[in-house]
Structure formats: structure tokens, C-alpha cells
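The primary structure of each chain is shown beneath.
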Amino acid sequence: MDAPFEVLGIDPDADDAAVDKAYRRRVMETHPDQGGSVREFQLVKQAYEAIEAGRSDGDAERGRERERSRPVGTRVTYLNYAVLDDYGWTLDDADLFENAASADLDPTDYGEFRVEPGETLLEAAENRGFAWPFACRGGACANCAVAVVEGEMTMPADHILSTEMYDRGIRLSCLGGPTTEEMNVVYNVKEMPGLDELRLPPYRFERARSDD
């Protein structure tokens, strides 16, 4: 277990907060857009996952239970956070999606698609031709964050969202998938206050992997 802690640059007896802080710091340092390499970035992610596996066996088992409970396909209705200001809407509006349905929005800003079993929300969006924002695909940034307005989705233990954000329904689309038959989500919420410091520069991981 010493090696993963060494990769993050912390002591083996570091508490959860110190581990999470070190993970965010090392992700920023090793991200290819910040002068690092894909290999370094992957080592940091693997180190964090190893530490999480050691301290969160119970969480991991609950995660597996949630995954087994996922429905056979989910209808996801989506709304782009970028259009909320244009219409004077907020995430707290009870009729947000009803208003969006009656507005003349572009299909990239409002619509629906189906998430199949085994797909994360981000994968499902991409597989249906949508270009939702993301960066690391590893739960180490907030570029792919969505706000779950209705429904539920899985979220592994190894993510960097604060308890406050998690309680507000913020999830990472690169990690989680729906657990209900229907779900309403607002995507592209990375610009929300509180998520600023968790963002990374726009980055296509597949491209960097092929160039490494």
C-alpha cells in the first residue's frame, strides 16, 4: 500500500481529506494539458483507486449492489445549463423541465435519449452523437458534472465532489449510470459556483492517448 501513497506524495496514515486533496493536486500536476503525460496521469488515478479500495470496501460493495439494481435501460431527459440564464431559469425551479419542453430549444440543448445497461451517462450521450463536456474520465475533475433533477444514478466512492455538491444532486457523468427508469439531468454544470476549482482544461483523452 506504500506505493500508491508515494505516488500521491502523502503519508500512509493520511486521512480521507488529505488523500482527496493530494489526488486533486497530483491530477493537476500530471494532466497532459499541464505538461504531464498520459502514463503519469493514469498512475495517479490507479494510486487513488488502490487507496480507495483499501479504505472503502463497504462502499465498493454498496456500489456493486447499486449497479446490480440498475434498470434495463433508462430514458434520460437532458437540459443544457448554458441556456438557463437566457430564460431566467434556475436549477431550483420546480417546473424547470416543463418550461424547457415548451421552449423552442435546439436538440443539443434539450431532448432525450436512452441509456443502455453498462453505459455511463457520458458514454450514452456520446454514443447518441452528443458532445457533452469532459476531461479526465476518471472522476478527478468536474468537467463532466451534471445535476440530477429527477431520478437517481450510481456514483462510485472515488470522486472529488464535495459533500455539499453531492447532496445538491451533482454527479459525474463519466462515472455514473442511471438506476431509475427515467431521469432528468442538467448537463454542462461545470460553470456552477463551487465547481470552478475542480475543472480541468478541455481535453480529449483518447486523442492524447494516441499521441503519447
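Data block above holds the structure.
Read on for a plain summary of the structure.

Rules used throughout
Residues numbered from 1 in each chain as written. Predicted model: local features only at pLDDT ≥ 70, side-chain atom pairs only at ≥ 80, totals over all residues. Heavy atoms only, no water. Pairing = 2+ DSSP bridges. Helix = DSSP H or I, 4+ residues; strand = E, 2+ residues; numbered from the N terminus. Axes fitted to C-alpha atoms, helices over the stretch in contact; angles between N-to-C directions. Buried < 20%, exposed > 50% of the residue type's maximum accessible area, 1.4 Å probe, protein only. Contact = heavy atoms within 4.5 Å. Expected span 1.5 Å × (residues − 1). Arc of directions from axis to C-beta. Polar contact = N/O pair within 3.5 Å; in protein donor to acceptor, adjacent residues only side chain to side chain.

Before going further, it helps to examine the sheet that holds strand β1 (residues 74-80). An order of β2-β1-β5-β3-β4 is seen for the five strands of this open sheet, with the pairing classed as mixed. One side of each edge strand has no neighbouring strand; the edge strands of this open sheet are β2 (110-115) and β4 (170-172). If you compare each strand with its neighbour and ignore which way they point, the axes differ by 35 degrees on average. The sheet contact formed by β1 and β2 spans six bridges and is antiparallel. Across the sheet, the residue bridging to Val76 is Phe113, located in β2.

Within the secondary structure layout, Asn184 lies in strand β5 (residues 182-187). Here Asn184 falls in the buried class, since its relative accessible area comes to 15%. In this structure Asn184 touches Thr77, Phe97, Ala147, Val148, Val149 and Glu150, once residues within four positions along its chain are discounted.

Glancing now at helix α2 (residues 16-30). Across its 15 residues, α2 extends 21 Å between first and last C-alpha, which sits within 8% of the 21 Å expected from 1.5 Å per residue. Taken residue by residue, α2 has Val19, Asp20, Ala22, Tyr23, Val27 and Thr30 as its buried positions. Projection of α2 onto a plane perpendicular to its axis shows the buried side chains occupying an angular sector of 165 degrees, all on one side. Turned more than 90 degrees off the buried face of α2, the exposed positions are Ala17 and Lys21. Between a side-chain oxygen at the N-terminus of α2 and the backbone nitrogen of Ala18 the separation is 2.8 Å; the capping residue is Asp15.

Our focus in this paragraph is unusual backbone geometry. One non-glycine residue, Arg137, adopts positive backbone phi at about 60 degrees. In this fold, Arg137 is placed in the loop between α7 (121-127) and β3 (145-150). In this structure, Asn188 is a non-glycine residue whose phi angle is positive, near 70 degrees. Within the element layout of this structure, Asn188 appears in the loop between β5 and α9 (205-211). Since its relative accessible area comes to 15%, Asn188 is described here as buried.

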